[in-house]
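Chain by chain, the residues run as shown.
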Amino acid sequence: MDLVWTIIIQLVLSYVATVTFAIITNVPKRALNACGITGTFGWMAYWTLMQMDSGTGASSLAGAFVVAVLSHFFAKYKKMPITIFNVPGIVPLVPGGLAYQAVRNFVLGDYTEAIGFSVQVTVVAGAIAAGLMLSEVFNHSIRTFRERKERI
């Protein structure tokens, strides 16, 4: 029963975080629910892989990939730019806590600890960027395949 409540809390809070950021960045009202769904699915992919001990890098890569794929889908469905869904959808994955710990340890003079946190932040940020890029390559390949198929 604890797992069910944990999953419900993860779903609700990731949706709220994504929609709240979307509101702050002036996303049109008709796209708010799609933004929330995008962020929620991205976070759940990340969270599920973290529960299976996949590591922050692989989990962030998968979460960003899911966000990018859903963003592409909702952009076509809603006939809106993809960034409207990408940017708020990535927010739950951003390593803000790790970055805070890195800066905090630098300020306190614990440089070894600070460098460790900084490396983790860099890995997660790189994984998010790679996930977004892989999705674009994936979508471009599908689009090219469809265009070639239609010509034949």
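Quick caveat, the model's predicted, so the values are computed rather than measured. Each chain has its residues counted from 1, running along the sequence as written. With the structure being a predicted model, the display of local features is reserved for residues of pLDDT at least 70 and the display and counting of side-chain atom pairs for 80 or more, all residues being used for whole-chain, interface and lining totals. Side-chain numbers come from the whole structure's heavy atoms, not from hydrogens or water.

Draft legend 1. Just the overall build of the chain, in detail. Here a strand is any run of E in DSSP of at least two residues, a helix any run of H or I of at least four, and the numbering for each starts at the N terminus. Assigned secondary structure in the chain consists of six helices and zero strands. Each helix and strand of the chain, ordered N terminal to C terminal, gives the series α-α-α-α-α-α. Dimensions of the chain, computed from the C-alpha atoms along their principal axes, are close to 65 × 35 × 30 Å. By residue count, 35% of the 152 residues in the chain fall in the buried class. Looking at the chain alone, contacts between residues at least 24 apart form 64% of all its contacts between residues at least 6 apart. Distance between charge centres in the chain, computed from 11 positive and 7 negative side chains, equals 19 Å. A 1.4 Å probe rolled over the protein chains alone gives each residue an accessible area, and that area as a share of the maximum for its type sets the label: buried under 20%, exposed over 50%, partly exposed in between. The contact definition used throughout considers only heavy atoms, calling two residues in contact when any of these lie within 4.5 Å. When charges are counted, Lys and Arg are positive and Asp and Glu negative, with His and the chain ends excluded. A charged residue contributes its charge at one atom only: NZ of Lys, CZ of Arg, CG of Asp or CD of Glu.

Draft legend 2. Highlighting the environment of I128. With respect to the helices and strands, I128 occurs in helix α6 (residues 111-151). In this structure the C-alpha to C-alpha distance between I128 and K79, which are 49 residues apart in sequence, comes to 25 Å. Not counting the four nearest positions on each side in its chain, I128 is found in contact with S60, A64, I90, L93, V94 and P95.

Draft legend 3. Expanded view of the UniProt feature "transmembrane region" (unreviewed entry) in the chain. UniProt positions are given in the numbering used here, feature names are shortened, and annotations may be inferred rather than shown by experiment. The positions that UniProt labels "transmembrane region" (unreviewed entry) are, in the present scheme, residues 6-24, 31-49, 55-75, 82-103 and 115-138. For residues 31-49, the helix share is 95%, the strand share is 0%, and the end-to-end C-alpha distance is 27 Å.

Draft legend 4. Examining a nonpolar patch on the surface more closely. Here, patches come from residues exposed beyond 30% relative accessible area and free of salt bridges, joined within 9 Å for like charges and within 5 Å for nonpolar side chains (Val, Leu, Ile, Met, Phe, Trp, Tyr). In this description, accessible areas are obtained by the Shrake-Rupley approach with a 1.4 Å probe, and a residue is regarded as covered only by the protein chains that are shown. A side-chain nitrogen of Lys or Arg and a carboxyl oxygen of Asp or Glu constitute a salt bridge if their distance falls within 4 Å. A cluster of nonpolar side chains, contributed by M1, V4, W5, I8, I9, L11, V12, L13, Y15 and V16, occupies part of the molecular surface with about 950 Å² of accessible area. Mapped onto the fold, V12 is located in helix α1 (residues 2-24). With a relative accessible area of 46%, V12 lands in the partly exposed category.

Draft legend 5. Fine view of the UniProt feature "domain: Threonine/Serine exporter ThrE" (unreviewed entry) in the chain. With numbering matched to this structure, UniProt assigns "domain: Threonine/Serine exporter ThrE" (unreviewed entry) to residues 10-137. Along residues 10-137 the backbone is 83% helical and 0% strand, and the end-to-end C-alpha distance reaches 29 Å.

Draft legend 6. Focus on unusual backbone geometry. With a phi angle near 60°, D53 is a residue other than glycine that sits in the positive phi range. Assignment of secondary structure puts D53 in the loop between α2 (32-51) and α3 (56-78). Even without a glycine there, the phi angle at K79 is positive, about 55°. Checked against the element boundaries, K79 lands in the loop between α3 and α4 (83-90). Of the residues examined, K79 reaches a relative accessible area of 72% and is grouped as exposed.

Draft legend 7. Representation of the packing of aromatic side chains. Note on ring pairs: Phe, Tyr and Trp rings are taken, using the six-membered ring of Trp, and paired if centres are within 6.5 Å. Classes follow the plane angle, with under 30 degrees stacked, over 60 edge-to-face and the rest tilted. A full pass over the atoms with the stated rule returns six aromatic pairs. Aromatic side chains W43 and Y46 sit 4.9 Å apart centroid to centroid with 35° between the ring planes, which places their arrangement in the tilted category. Of this pair, W43 and Y46 both sit in helix α2, separated by three residues, roughly a single helical turn. Note on Y46: relative accessible area 15%, which makes it buried. Ring centres of F73 and Y77 lie 6.0 Å apart, and the angle between their planes is 10°; this geometry places the pair in the stacked category. One end of the pair, F73, and the other, Y77, are both in helix α3, four residues apart, so they sit about a helical turn from each other. What makes Y77 exposed here is its relative accessible area of 58%. By the ring-pair criterion, three or more aromatic residues cluster together here, those being F73, F74, Y77 and F85.

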